Amino acid sequence: GIAFILPMFMRTLSLLGFVDASVWIKKFKYSLIAIIIFAAIITPDGTGITLLMLSIPLISLYLLGCFISRETKPFISRETNSFISKGGEQQYGNY
């Protein structure tokens, strides 16, 4: 159940400026390995079918999170460390 919040977790990190959206795509191969290892640990039997049935939806959720993060504009600018309003101007100056 907690895996379904993966896209929103990725979007939140990108929205706050902690992780750039391009990082999610660049690190896809590491995420793929982590998802397969996670699916192998929590599957009850040793067959590959169960592993695939669990890992394919998790990979799909990760890719959905990549797409959502790419479409999200960061709330905090990394260059200036300042908040950005909806109009694009800086609200509170540099910190």
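This text goes with the structure placed above it.
Here's a quick rundown of the structure.

What counts and what doesn't
Residues numbered from 1 in each chain as written. Predicted model: local features only at pLDDT ≥ 70, side-chain atom pairs only at ≥ 80, totals over all residues. Heavy atoms only, no water. Axes fitted to C-alpha atoms, helices over the stretch in contact; angles between N-to-C directions. Helix = DSSP H or I, 4+ residues; strand = E, 2+ residues; numbered from the N terminus. Parallel < 35°, antiparallel > 145°, perpendicular 65-115°, else oblique. Left-handed = near helix turned anticlockwise from the far one by under 90°. Contact = heavy atoms within 4.5 Å. Nonpolar A, V, L, I, M, F, W, Y, C, P; charged D, E, K, R; others polar. Salt bridge = Lys/Arg side-chain N within 4 Å of Asp/Glu carboxyl O. Core = buried A, V, L, I, M, F, W, Y, C linked by side-chain atoms within 4.5 Å. Buried < 20%, exposed > 50% of the residue type's maximum accessible area, 1.4 Å probe, protein only. Phe/Tyr/Trp six-rings, centres within 6.5 Å; stacked < 30°, edge-to-face > 60°.

**Points about the packing of helix α1 (residues 6-15) against helix α4 (residues 48-70)**
Stage number 1. Between α1 and α4, the shortest axis-to-axis distance is 8 Å and the interhelical angle comes to 30 degrees. Classified by the interaxial angle, the pair formed by α1 and α4 is roughly parallel. Between α1 and α4 lies a crossing of right-handed hand. Touching L6, P7, M8, M10, R11 and S14 of α1 are L58, L61, Y62, L64, G65, C66, I68 and S69, all from α4.
Stage number 2. When its residues are assigned to classes, the contact of α1 with α4 shows 10 nonpolar, 3 polar and 1 charged.

**Focus on the pattern of salt bridges**
Stage number 1. In this structure the tally under the stated criterion is 1 salt bridge.
Stage number 2. The salt bridge partner of E71 is R70, with a shortest N-O separation of 3.6 Å.

**A closer look at the packing of helix α3 (residues 28-42) against α4**
A pair of packed helices is captured by two measures, namely the crossing angle of their axes and the spacing between those axes.
Stage number 1. Where α3 contacts α4, the two axes come as close as 9 Å, and the packing angle between them is 145 degrees. Read as a crossing pair, α3 and α4 show a hand that is right-handed. Residue-level inspection shows F28, S31, L32, I35, I36, F38, A39, A40 and I42 of α3 in contact with α4, the latter providing L51, L54, S55, L58, I59, Y62 and L63.
Stage number 2. Of the residues assigned to the contact of α3 with α4, the class counts are 14 nonpolar, 2 polar and no charged.

**Points about the nonpolar core**
Stage number 1. Of all hydrophobic cores here, the largest spans 9 residues; its members are M10, L13, V19, W24, I35, L58, I59, Y62 and C66.
Stage number 2. Of all the elements in the fold, those that place two or more residues in this core are α1 and α4.
Stage number 3. Setting aside anything within four residues of it in sequence, one finds I35 in contact with S55, L58, I59 and Y62.

**Some words on the packing of aromatic side chains**
Stage number 1. Overall, the coordinates contain 2 aromatic pairs when judged by the stated rule.
Stage number 2. Ring geometry for W24 and Y62: centres 6.4 Å apart, planes at 80 degrees, overall edge-to-face. You can see W24 sitting in helix α2 (residues 21-26) and its partner Y62 sitting in helix α4, a full 38 residues away along the chain. An identical accessibility class is assigned to W24 and Y62; each is buried.
Stage number 3. Y62 gets classed as buried once you look at its relative accessible area, which sits at 4%.
Stage number 4. Taken together, the ring pairs in this structure connect W24, F28 and Y62 into an aromatic cluster.

Don't take any of this as a statement about function, it's just geometry.
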